[in-house]
Amino acid sequence: MSLTLVSYNISPFVLRVTAALNYLQIPFEQKDIDIINKPEWFVKANPLEKVPTLLVGDKVIQESLVILEYINSLTPNSLLPNDPLEKAINRGRAEFSNDVVGIFLGLTAASTEEAYNNGLAELKWYFDKLENWLNQTKFIYSDELTLADFAYIPIFAILQALSPHLKVNLLEGYPKVQQYGTTLLALPRVAASKPEGYEQILLERIKTRKPYFLSV
Ligand SMILES: N[C@@H](CCC(=O)N[C@@H](CS)C(=O)NCC(=O)O)C(=O)O
């Protein structure tokens, strides 16, 4: 069955999926769309209008974490535990990354010092939890790479892109989180999953929001 991934160049949710598809060496076609002026065929295919959207023949899958699970089902070497309970725990770890992505994106958009400091405090709360998990296991669920880890890749890709422009090291005091990010970005074919010019495009897009972190 042919796979078409409808995407948008700097979407963190899309990057989860392209990283997994490439890592697992699953062939797919990628169709970038203009997210502001969405094409009619896309709105028709996915009335919820979000990317990533995976077109599988004439079927449509949305939600990056659900798409990850489908992709995983296509490979002989599953990245998920077999046991339903463990699978659910793994999924919970993946879901946790959604909050981290949201807080992190909010921080990069914060336009005042107060909003930035609040965002930073919130992000540190999440990093504390991650550091605790990663003190116990190399990856987010176990010592082996699992599907949940792909959900975290965009956080580190964005951090890496923005770090030259940040006055503070957001990962200071979180050595395990830092190591985890380095490990994830070094996975085979993951770095190449970022679109060409990713760092520059991301920075330009963030600049349009006139964020506080770029003004100090
Ligand atoms: N929970 C969704 C979030 C997807 C999402 O918010 N995608 C954004 C791009 S980063 C989008 O499609 N926005 C278009 C819109 O809201 O109109 C997922 O994990 O796939």
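Parameters and conventions
- Residues numbered from 1 in each chain as written.
- Predicted model: local features only at pLDDT ≥ 70, side-chain atom pairs only at ≥ 80, totals over all residues.
- Heavy atoms only, no water.
- Salt bridge = Lys/Arg side-chain N within 4 Å of Asp/Glu carboxyl O.
- Helix = DSSP H or I, 4+ residues; strand = E, 2+ residues; numbered from the N terminus.
- Buried < 20%, exposed > 50% of the residue type's maximum accessible area, 1.4 Å probe, protein only.
- Lys, Arg positive; Asp, Glu negative; His and termini not counted.
- Polar contact = N/O pair within 3.5 Å; in protein donor to acceptor, adjacent residues only side chain to side chain.
- Contact = heavy atoms within 4.5 Å.
- Near = heavy atom within 4 Å.
- Areas by Shrake-Rupley, 256 points an atom, 1.4 Å probe, with all protein chains shown as cover.
- Nonpolar A, V, L, I, M, F, W, Y, C, P; charged D, E, K, R; others polar.
- Pairing = 2+ DSSP bridges.
- Right-handed = clockwise from strand over helix to strand, strands pointing away.
- Axes fitted to C-alpha atoms, helices over the stretch in contact; angles between N-to-C directions.

Enquirer: Can you tell me about the pattern of salt bridges, naming the residues and giving the values?
Expert: Tallied over the full model, the rule gives five salt bridges. The closest approach of N and O atoms between Glu-69 and Arg-91, which form a salt bridge, is 2.8 Å. Here Glu-69, found in helix 3 (residues 64-73), pairs with Arg-91, found in helix 4 (residues 84-109); they are 22 residues apart in sequence, far enough to count as distant. For Arg-91, a relative accessible area of 25% translates into the label partly exposed. As a salt-bridge pair, Glu-199 and Lys-194 come within 3.0 Å of each other at their nearest N and O atoms.

Enquirer: Could you give me a rundown of the side chain of Asp-149, with the residues and numbers involved?
Expert: Its place among the elements puts Asp-149 in helix 6 (residues 147-162). An unpaired buried charge is present at Asp-149: no salt bridge exists, and Arg-93, the closest side chain of opposite charge, is 8.6 Å distant. In this structure the side chain of Asp-149 is engaged in a polar contact, spanning 2.9 Å, whose partner is the backbone nitrogen of Ile-140. Within the local environment of Asp-149, its side chain forms a polar contact with the side chain of Tyr-180, the two groups lying 2.5 Å apart. If we ignore the near neighbours within four places in the chain, the residues touching Asp-149 are Phe-139, Ile-140, Glu-144, Tyr-180 and Leu-184.

Enquirer: I'd love a proper account of the site of the ligand, names of residues and values included.
Expert: Neighbouring the ligand are the residues Ser-11, Pro-12, Phe-13, Arg-16, Ile-35, Lys-38, Glu-49, Lys-50, Val-51, Pro-52, Glu-63 and Ser-64. Between the ligand and Glu-63, the relevant distance is 2.8 Å, taken from a nitrogen atom to a side-chain nitrogen or oxygen of the residue. Ser-64 places a side-chain nitrogen or oxygen 2.6 Å from an oxygen atom of the ligand. Starting from 520 Å² of accessible surface for the ligand in isolation, the protein chains cover 73%. Of the residues forming the shell around the ligand, the biggest block, three residues, is contributed by helix 1 (residues 12-23). Of the residues contributing to the shell around the ligand, the split by class is five nonpolar, two polar and five charged.

Enquirer: Residue-level account of the pairing of strand 4 (residues 59-62), with values.
Expert: Note that strand 3 (residues 53-56) and strand 4 share four bridges and pair antiparallel. Across the sheet, Val-56 pairs through a bridge with Lys-59, a residue of strand 4. Where strand 3 folds back on strand 4, the antiparallel hairpin that results is connected by two residues, among which Gly-57 adopts a positive phi of roughly 60°.

Enquirer: Give me the lowdown on the pairing of strand 2 (residues 29-32), citing residues and values where you can.
Expert: Two faces belong to every sheet, and in a regular strand the side chains alternate between them. The pairing of strand 1 (residues 3-7) with strand 2 spans four bridges and is parallel. Considered in strand 2, the bridge of Val-6 is made with Lys-31. After leaving strand 1, the chain enters helix 1 and then returns to the sheet as strand 2, a path that is right-handed.

Enquirer: Account for the sheet that holds strand 1, naming residues and giving values.
Expert: Overall, mixed pairing links the four strands, which are arranged 2-1-3-4 in an open sheet. Edge strands, defined here as strands with exactly one partner in the open sheet, are strand 2 and strand 4. Within the sheet, the average angular offset between the axes of one strand and its neighbour, ignoring direction, is 25°. Strands in contact with helix 1 are strand 1 and strand 2; relative to strand 1, the strand with the most contacts, it is inclined by about 150°. The strands touched by helix 3 are strand 1, strand 3 and strand 4; relative to strand 4, the strand with the most contacts, the crossing angle is about 120°.

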